[in-house]
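The chain contents come next:
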Amino acid sequence: MNVLVTGAAGFIGSAYVRMLLRSDGPTITVLDKLTYAGSLDNLPLDHPRLEFVQGDIRDAELVAKLTSQADHVVHFAAESHVDRSISGASDFVLTNVVGTQTLLEGALRGGVSTFVHISTDEVYGSVDSGSSDEEYLLRPSSPYSASKASSDLLALAYHHTHGLDVRVTRCSNNYGPHQFPEKVIPLFVTNLLDGHQVPLYGEGLNVRDWLHVDDHCRGVELVRTQGRPGEVYNIGGGTELSNKELTGLLLEACGADWDRVTHVADRKGHDLRYSVDWSKAREELGYRPRHDFRSGLAETVDWYRAHRAWWEPLKRRVAEEHA
Ligand code: NAD
Ligand code: DAU
């Protein structure tokens, strides 16, 4: 069995591949363009069951070759950062929409038997009260989430129209090691470790549900191996926190005070809250997050403390981009 995993030089895809390689299992082909967000340092490249191919998911010829060799596809590749989609949305449409369609077409023609499309809780838009189940209206707010919702609909259309076995996952905010230091947790932790300020958007009242990346990856694996074709599965973490509460925990974990927090202008169109109802994944697949947030966060902070060589060059590159 060969599993083609896209975007696995990034944060979540690489955690998924490392998890699959820890025990016996399929051979894995990674297809990743190595954008600013991808790093070969995230993958055990010398593993005998892993092949890495650098390329774009929009390259139909390359995709045709790789999908003809693959039994399953797990599709993580995306432009993933909301703030970048606000300053420029075109790469989001090209990769998230056109790239996903190219991959779906390749999977269909190549005879792939299962295609897992990794999506996000952001497709439901802000959920001011209660939680969104899989039937909830899609009301994406940012160019990022609109591009992800488009790709979800394309994936489900390939199931409906062509009978391709597509399964869609929608998860909440992931945290853990190897996350690019532009997302709030690694950005704040690395700023604090460097003695810098952290930029809290608006009043810090926006709420996110935090999910350890390894719990997410177990959820994806349950969907790949036990999920049903044409179905959507929410994957949640069970820890809802306002950004202010999260910042308090990060300050504590890094031994810093509130004077290190700078209140900055709010993100445009900032969704107030996400909250997914993941009872379908629990009841059908036995999914349950295992990581306790406080200890998961402490381990994550320790990882960033011990891996400066991983994140310092990435932060330098981002600083150069903005210079
Ligand atoms: P990431 O930004 O860390 O990694 C994305 C990877 O995709 C990178 O390795 C990049 O090089 C690759 N890539 C980008 N464009 C490509 C292209 N055109 N062709 C091939 N490769 C390309 O992203 P992440 O945080 O690991 O997110 C992975 C997936 O999970 C995404 O689909 C994202 O929408 C979804 N998701 C992420 C979160 C989160 O909290 N990070 C939560 C919910 C859903
Ligand atoms: O909900 C799932 C989504 O989570 C994924 O689909 C996205 O790929 C992922 O990037 C993430 O999106 P968010 O926008 O929620 O994550 P981010 O880390 O960018 O921001 C988390 C919260 O922190 C959000 O309310 C904005 C706030 N924030 C963020 C940054 C970068 C700040 O206050 N300051 C910051 O500097």
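Provided above is the structure to which this section pertains.
Bear in mind the structure is a predicted one, so any value in this text is a computation, not a measurement.

What counts as what
- Numbering of residues starts from 1 in every chain and runs along the sequence as written.
- Throughout, the order in which chains and ligands are written sets their labels, letters from A for the former and numbers from 1 for the latter.
- In keeping with the predicted nature of the model, local features appear solely for residues at pLDDT of at least 70, side-chain atom pairs appear and are counted solely at 80 or more, and the whole-chain, interface and lining totals rest on all residues.
- Hydrogens are left out, water is left out, and the side-chain values use all remaining heavy atoms of the structure.
- Helical segments are the DSSP runs of H or I of at least four residues, strand segments are the runs of E of at least two, and each set is numbered from the N terminus.
- Computation of the radius of gyration draws on C-alpha atoms alone. For the globule rule, the value is 2.2 Å times the number of residues to the power 0.38.
- Accessibility here uses a 1.4 Å probe with only protein chains present; expressed as a share of the type maximum, an area under 20% marks a residue as buried, one over 50% as exposed, and anything in between as partly exposed.
- The Shrake-Rupley method, run with a 1.4 Å probe sphere, supplies the accessible areas, and residue values consider only the shown protein chains as cover.
- Whether a residue is near a molecule or strand depends on its heavy atoms: if one lies within 4 Å, it is near.
- Side-chain atoms alone can form a polar contact between residues adjacent in sequence; in general such a contact is a pair of N or O atoms within 3.5 Å, and within protein one must be able to donate a hydrogen while the other accepts it.
- For two strands to be treated as a pair, DSSP must find at least two bridges joining them.
- Patch membership requires over 30% relative accessible area and the absence of a salt bridge. Like charges are linked within 9 Å, and nonpolar side chains (Val, Leu, Ile, Met, Phe, Trp, Tyr) within 5 Å.
- Salt-bridge detection follows one rule: a side-chain nitrogen of Lys or Arg within 4 Å of a carboxyl oxygen of Asp or Glu.
- To get an axis, fit a line to the C-alpha atoms, keeping to the stretch in contact for a helix; angles then go from 0 to 180 degrees between the N-to-C directions.
- Note on angle classes: values under 35 degrees are labelled roughly parallel, values over 145 roughly antiparallel, values of 65 to 115 roughly perpendicular, and the remainder oblique.
- Two helices that cross are described as forming a left-handed crossing if the nearer one is turned anticlockwise from the farther one by less than a right angle, and a right-handed crossing if clockwise.
- Contacts were defined at the residue level, with two residues in contact if any of their heavy atoms lie within 4.5 Å.
- An expected span of 1.5 Å times one less than the residue number is assigned to each helix.

Visitor: Let's hear about the overall build of the chain: which residues, and what values?
Guide: Within the chain, the secondary structure is distributed over 11 helices and 12 strands. For 323 residues, the compact-globule estimate of 2.2 N^0.38 gives 20 Å, and the C-alpha radius of gyration of the chain, at 19 Å, lies within 12% of that figure. By principal-axis analysis of the C-alpha atoms, the chain measures approximately 55 × 45 × 35 Å. Considering the chain as a whole, with its 323 residues, one finds that 57% of them fall into the buried category. Of the roughly 13,600 Å² of accessible surface on the chain, a fraction of 50% belongs to carbon and sulfur atoms.

Visitor: Requested: an account of the site of ligand 1, with residues and values cited.
Guide: Lining the immediate environment of ligand 1, one finds 28 residues, of which Ile 12, Asp 32, Ser 80, Tyr 144 and Lys 148 sit closest. Take Phe 76: an N or O atom from its main chain is 2.9 Å from an oxygen atom of ligand 1. Tyr 144 is positioned such that a nitrogen or oxygen atom in its side chain is 2.6 Å from an oxygen atom of ligand 1. In isolation ligand 1 offers 840 Å² of accessible surface; the protein chains occlude 97% of this area. Counting residues per element, the ones that place at least two in the shell around ligand 1 are α1 (11-22), β5 (114-120), α5 (143-162) and β7 (173-175).

Visitor: Now, about the pairing of strand β6 (residues 166-171): what can you tell me, with residues and values included?
Guide: Most of β6 is tucked away, with six of its six residues classed as buried. Sheet topology places β5 next to β6; six bridges connect them, and they run parallel. Following the sheet pairing, Val 116 is matched in β6 by Arg 167. Alignment of β6 against strand β10 (residues 232-235), held across four bridges, turns out to be parallel. Note on β10: the bridge partner recorded for Thr 169 is Tyr 233.

Visitor: Go over a nonpolar patch on the surface, please, and point to the residues and values.
Guide: On the surface, Val 93, Leu 94 and Val 98 cluster together into a nonpolar patch covering about 200 Å² of accessible area. Among the residues examined, Val 98 registers a relative accessible area of 36% and is labelled partly exposed.

Visitor: How would you explain the packing of helix α6 (residues 184-193) against helix α10 (residues 293-306) if you had to name every residue and give the values?
Guide: Contact pair α6 / α10: the axes reach a minimum separation of 10 Å and the direction vectors enclose 55 degrees. The angle between α6 and α10 places the two elements in the oblique class. Crossing angle aside, the handedness with which α6 passes α10 is right-handed. On α10, the residues touching Ile 185, Pro 186, Val 189, Thr 190 and Leu 193 of α6 are Leu 297, Val 301, Tyr 304 and Arg 305.

Visitor: Give a description of the sheet that holds strand β4 (residues 72-75) that names residues and reports values.
Guide: With respect to topology, seven strands assemble into an open sheet ordered β3-β2-β1-β4-β5-β6-β10, the strand pairing being parallel. With one partner strand each, in any of the chains shown, β3 (50-54) and β10 form the two edges of the open sheet. Here the average twist between neighbouring strands, direction ignored, is 20 degrees. Here α5 sits on the sheet in contact with β5, β6 and β10, set at roughly 155 degrees to β5.

Visitor: Pulling in residues and values, what's your account of the side chain of Arg 170?
Guide: Turning to its location among the elements, Arg 170 is positioned in strand β6. Polar contacts involving the side chain of Arg 170 include one to the side chain of Asp 152, which spans 2.8 Å.

Visitor: An account of α1 is requested, with residue identities and associated values reported.
Guide: Between the first and last C-alpha of α1 there are 17 Å, a value that for 12 residues agrees with the 16 Å anticipated at 1.5 Å per step. Of all 12 residues in α1, 10 are buried, a share of seventy percent or more. Inspection of α1 places Phe 11, Ile 12, Gly 13, Ser 14, Ala 15, Tyr 16, Val 17, Met 19, Leu 20 and Leu 21 among the buried residues, and these make up the whole buried set. Buried-residue contacts for α1 involve β1 (2-6), β2 (27-32), β3, β4, β7 and α7 (213-226).

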